[in-house]
Amino acid sequence: MTRQLLASAAAVALIATMGGAGSAFAQDAGGGTQPPTGQAPAQKLPEVQVIQPQQKAKPKPIKKASKPKTTPAAAAAVTAPSAQSPAGAEVSAAGMQYAEPPESNTVKMSPLSGSEIPVEKVPGSVYQMNSSAIKRDGSVILEDALQTQIPGVIISDLQGNQFQTDIQFRGFEASPVNGVAQGLAVYQNGVRINESFGDIVNWDFLPSNAINNVAVVVGDPVFGLNALGGAVVVDMKDGFNFQGADVDTRFGSFGRKQVSAEAGYQSGNWAAYGAFEAINDDGFRDFSDAEVRRGYFDLGVKGDNAEFHFNFTGADNNVGVTAAAPEALLDIDRSLTFTSPQTTQNTMQMYSVNGKVQATDDITLSGNTYYRHFNQKHIDGNLFDDPSDCFGQPIDPDHPEDGNFGTHTLCSGGEQVYGNGAPIPIGAGTNFPSGTAFGSIDKTSTNTDSEGLTLQAVDKARLFDHKNQFIIGTSYDHGVTSYSASSELGVFGPKYVVNGDGITLSNTDDFDPKQLRATNDYFGAYVLDNFDITDRLSLTVGGRFNWAQIQIQNTSGDEEDDTLNGKHIYARFNPNAGLTYKFSNALNWYGGYSEANRAPVAAELACADPENPCLIESFLTADPALKQVVSNTWETGFRGTIENWQDHSQWNWGVGFFHTTNYNDIFDITETDIGHGFFQNFGTTLRQGVEANISYRSQRLFWYANYTYTDATFQSNGIFPSPNHPDGGTIPCEDEEEGPTTCLAVHKGDRLPGIPAHTFKAGFDYWMTPKWKIGSDVIAASDQIFFGDENNTARPLSGYAKVNLHTSYDVTDHVQVYGLFENLFDRDYALYGTYYSTDDAEGDPPDFPGPNTPAGRNLGDNPRTVVPAIPFAAYGGVKVKF
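Residues numbered from 1 in each chain as written. Predicted model: local features only at pLDDT ≥ 70, side-chain atom pairs only at ≥ 80, totals over all residues. Heavy atoms only, no water.

Trainee: Looking at this structure, how should I read the overall build of the chain?
Mentor: In terms of helices and strands, the chain carries five helices and 46 strands. By the burial criterion, 61% of the 882 residues in the chain qualify as buried. In the chain, 69% of the contacts between residues at least 6 apart in sequence involve partners at least 24 apart. Entry remark: accessible area of the chain is about 31800 Å², with carbon and sulfur atoms responsible for 55%. (Helix = DSSP H or I, 4+ residues; strand = E, 2+ residues; numbered from the N terminus. Buried < 20%, exposed > 50% of the residue type's maximum accessible area, 1.4 Å probe, protein only. Contact = heavy atoms within 4.5 Å. Areas by Shrake-Rupley, 256 points an atom, 1.4 Å probe, with all protein chains shown as cover.)

Trainee: Sorry if this is basic, but what is going on with the environment of Asn-662 here?
Mentor: Residue position: Asn-662 is located in strand S34 (residues 649-670). On a C-alpha basis, the gap between Asn-662 and Asn-632 in space is 6.6 Å, while along the polypeptide they are 30 residues apart. Here Asn-662 is in contact with Phe-172, Leu-228, Val-629, Val-630, Ser-631, Gly-683, Thr-684, Thr-685 and Arg-687, once residues within four sequence places are set aside.

Trainee: Is there a simple way to explain the sheet that holds strand S45 (residues 864-868) in this structure?
Mentor: Strand pairing in a sheet relies on backbone hydrogen bonds, with the paired strands running either antiparallel or parallel. On the basis of which strands lie adjacent, the open sheet formed by three strands has the order S17-S45-S44 and antiparallel pairing. Sheet topology places strand S17 (325-326) and strand S44 (830-835) at the edges, where each strand pairs with a single neighbour. Inspection of the sheet shows S44 paired to S45 by five bridges, in the antiparallel sense. Looking at the pairing, Thr-834 lines up with Thr-865 of S45. (Pairing = 2+ DSSP bridges.)

Trainee: Would you mind showing me how to read the pairing of strand S43 (residues 815-822) here?
Mentor: Each regular strand carries side chains that alternate between the two faces of the sheet. Looking at chain direction, strand S42 (residues 800-810) and S43 are connected through six bridges and run antiparallel. Bridging from a neighbouring strand, His-806 pairs with Leu-820 of S43. Counting the residues between successive antiparallel strands, the hairpin from S42 to S43 contains four residues.

Trainee: Looking at this structure, how should I read unusual backbone geometry?
Mentor: Negative phi values dominate among residues other than glycine, just as trans dominates among peptide bonds. For the peptide bond that leads from Ser-340 to Pro-341, omega is 5°, which places it in the cis range. Structurally, Pro-341 can be placed in the loop between helix H4 (327-330) and strand S18 (342-358). You will see that Asp-199, though not glycine, has its phi angle at about 60°, which is positive. As for its placement among the helices and strands, Asp-199 is situated in the loop between strand S9 (191-192) and strand S10 (211-217). On the accessibility criterion, Asp-199 (1% relative accessible area) is buried. Positioned with a positive phi, Phe-254 is a non-glycine residue whose angle comes to about 55°.

Trainee: Could you clarify how one ought to interpret helix H3 (residues 142-149) in this entry?
Mentor: Think of an α-helix as turning once every 3.6 residues; residues three or four places apart then point the same way. Counted residue by residue, H3 has eight buried out of eight residues, so it is predominantly covered. Those residues of H3 that fall on the buried side of the exposure criterion are Leu-142, Glu-143, Asp-144, Ala-145, Leu-146, Gln-147, Thr-148 and Gln-149.

Trainee: Which parts of the structure should I look at to understand the pattern of salt bridges?
Mentor: Any two side chains of opposite charge can pair if their charged atoms end up close together. All chains considered together, the criterion is met by 25 salt bridges. Lys-135 is the salt-bridge partner of Glu-262, the closest N and O atoms lying 3.9 Å from each other. Separated by 127 residues along the polypeptide, Glu-262 in strand S13 (residues 256-267) and Lys-135 in helix H2 (residues 131-135) bring together distant segments of the chain. Both residues of the pair, Glu-262 and Lys-135, count as buried. The partner of Glu-277 in a salt bridge is Arg-294, and the shortest N-O contact between them spans 2.8 Å. With Glu-277 in strand S14 (residues 270-281) and Arg-294 in strand S15 (residues 290-302), this residue pair connects regions lying 17 residues apart in the sequence. Across this residue pair, the class does not change: Glu-277 and Arg-294 are buried. (Salt bridge = Lys/Arg side-chain N within 4 Å of Asp/Glu carboxyl O.)

Trainee: Just checking my understanding: could you explain the confidence of the model for the chain for this structure?
Mentor: Interpretation of the predicted coordinates at a detailed level should be avoided for regions scoring low in pLDDT. For the chain, the average pLDDT comes to 83, and 80% of its residues sit at 70 or higher. Below a pLDDT of 50 lies the segment residues 8-74, which in the model reaches 176 contacts outside its immediate sequence neighbourhood of four places, other chains included. (pLDDT = per-residue confidence, 0-100.)

Trainee: What should I look at first to understand the pairing of strand S28 (residues 514-532) in this one?
Mentor: Of all 19 residues making up S28, 14 are buried, and the element is well covered by its neighbours. Of the pairings in the sheet, the one linking strand S26 (residues 468-492) to S28 comprises 18 bridges and is antiparallel in character. Across the sheet, residue Gly-479 finds its bridge partner in S28, namely Asn-520. Pairing of S28 with strand S29 (residues 537-554) involves 17 bridges; the strand directions are antiparallel. Of the residues in S29, the one forming a bridge with Gly-524 is Asn-546.

Trainee: I'm lost on the packing of aromatic side chains in this one. Help?
Mentor: The geometry of an aromatic ring pair is captured by two quantities: the separation of the ring centres and the angle between the planes. In this structure the tally under the stated criterion is 26 aromatic pairs. Ring geometry for Phe-338 versus Tyr-836: centroids 5.6 Å apart, planes at 70°, classification edge-to-face. Within this pair, whereas Phe-338 is found in the loop between H4 and S18, its partner Tyr-836 is found in the loop between S44 and S45, the two being separated by 498 residues in sequence. We note that Phe-338, like Tyr-836, is buried. Taking 5.7 Å as the distance between ring centres and 85° as the angle between the ring planes, the aromatic pair formed by Trp-651 and Trp-703 counts as edge-to-face. Remark: Trp-703 occurs in strand S36 (residues 701-714) and Trp-651 occurs in strand S34; sequence separation between them is 52 residues. Judged by its relative accessible area of 33%, Trp-651 falls in the partly exposed class. Its relative accessible area of 26% is what places Trp-703 among the partly exposed residues. Grouped by ring-pair contacts, the aromatic residues Phe-384, Phe-432, Phe-438 and Phe-511 constitute a single cluster. (Phe/Tyr/Trp six-rings, centres within 6.5 Å; stacked < 30°, edge-to-face > 60°.)

Here you go:
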């Protein structure tokens, strides 16, 4: 069904292409040129130009000679200006045309349009990227684009696939992995797209070529649940702001084949836009292939006082998630994987309607409504926990009268395991002879339907004869998820692949199949007022009330699982207040305080009992309730824009300090059983630091640099189990099932895992000629603490620095060729680190094939496992405009 919908969207895009064929090439709403991939877009032209008047009639096709080489695009650091040249429409001696300067520098103060104010009045950090900034390095992965230019953003990779990575901003994450603490709220066209069951964010659903603008906003609780570290606001293109068409084809390393197409067309008050991306990639590691199909369509209509849009987003993606592998294995070959298969199949369809009405000169009413369907199927091959021979166990322990036949059957952790409802015979004369290397294939399925509604009113009437903007709004989101989990018995073969035997496991807490229904209802109401005390000094005050109800119901039919049933309610009002002062365009001060919260999700609530850990994320148990997470953020800084009208150059700069305290953070606690753990609140954590950024743009050169220091630490003492820690833990403790073990004593000031203290990014674009551009980016991060080393006593994950390169050449006004090079110097580094049980990885399954590889699974006593980053990769493509 999804692929049919995507095909329909692509067909509409082609129809729009035919309708817009009169344009020489892709245009923006004002008739300006849309430059080649990797270059800045022409600024939207006003109805009347300073240099040459235009008629207000239908947009005219642009002559080939008018094709500009505009000023390079960049992330709008702090001040978030559109990255355009500051001059008027004139042609330099080099033959380069400049775009008009931006009329205003604004950002939305809520998820809905109509709430925009100048960034200089926002009492917190704001970072923006327009569509050209996102595409300047040729990336089709939004996470990569954001990491490149936005301060504080870095990528983490738990899955081992570049299409399923996490965004981390100031130590807060938005991840596609259930169990990761989701600390960022993410919106698409005003719709919250954190999925219902685990608040996860599937970045791979967003077609990169359809994104018009991305803003990262800090200190605004109006964005609702999960905005602990901020909100990521994604706005998509439509037929009013993009007209024309282009097709982009690319080939390259690791079997990369992709095609991207988009088209926009306007006819009077109506406009349509469609985009589609199809990507195939074999991946640089075994079993890490990806097949991505995603599309977007928008139909809009607007008049003098109203504008409405219907849009559809669809995706059907299948990715191999190779996850972390032992360092001893990666030392042999970084393409090797450990315990496969690991695959994730995602499908999604979302329909939404949004609009706004100018009710009076001062009042704007806006709203949206949506329906979203999300389905995920995850398969994960794993080691079998503590396999043993249950010699002496009755065939059926429920019927001891049948006698003890001395049958050799399979046990896990001392408990007899059933397969398809009966004990599993092992040993001589069975399908599982002595020495069999057992594994399990854990399967989960998530099927979610969600819908919601948001309404908002904005009043810009003057207050006490001062400029003022007052926002009031409300939202409601409802989601229903059917979740199931089961395990299949398997046997390890070559390349650590678990081959399933069609035997469904049961009879233990570890392996009993589970089915449940989770229902979440989220209600929010918010107000926000921005008041100009003077022409330079602005005050912002507001807040949001969040109410969340999560219900869990057992649907497996097993009465023992009825203990899963429960209802959890969370409510909180989060205030914010701040000031800004504009000394000049070149110097603007901001400072503010805000609070935010996130409610525990069903996946966490159903796995919060340390005495009954879950097979993350497969198996759920009856658990005590978790507390909601609350953040308090203080932020202050300076920013500015310096424009030189003589040489048409522009400087943007910013420096700021942030301090966020989290109360009752939720952590995934590792248990002694393989892959098992539970979720637990932890006292207080802190994420504080400094950000600094600068960028420069002129008619031929753009460059940027930014640095972030993030001091992310525990602020309370605590105890964490450490079953696989290389030092065996530091204090003795007791495990409910395993008996005496060791734990880590965490102290105030210990670093949080997975967060680099230092990140640095820099890059440039330079037009060698009006047709040829080259550019490069450097991304560097310092070391990270391993997950499982919360007391910071083991060797950390090493830091890294990588260089990317891109170049493009305009063959004609319609055709561009380009090349992209990732990890130019082929640096070996990793993006994520944790530990595994070396004891459970010992054995003698079939030999691992290939030269210089070990026999069996015994990989030594090094428990460190990491996710390697992509090595050197090269891609080339052709982009054609119509």
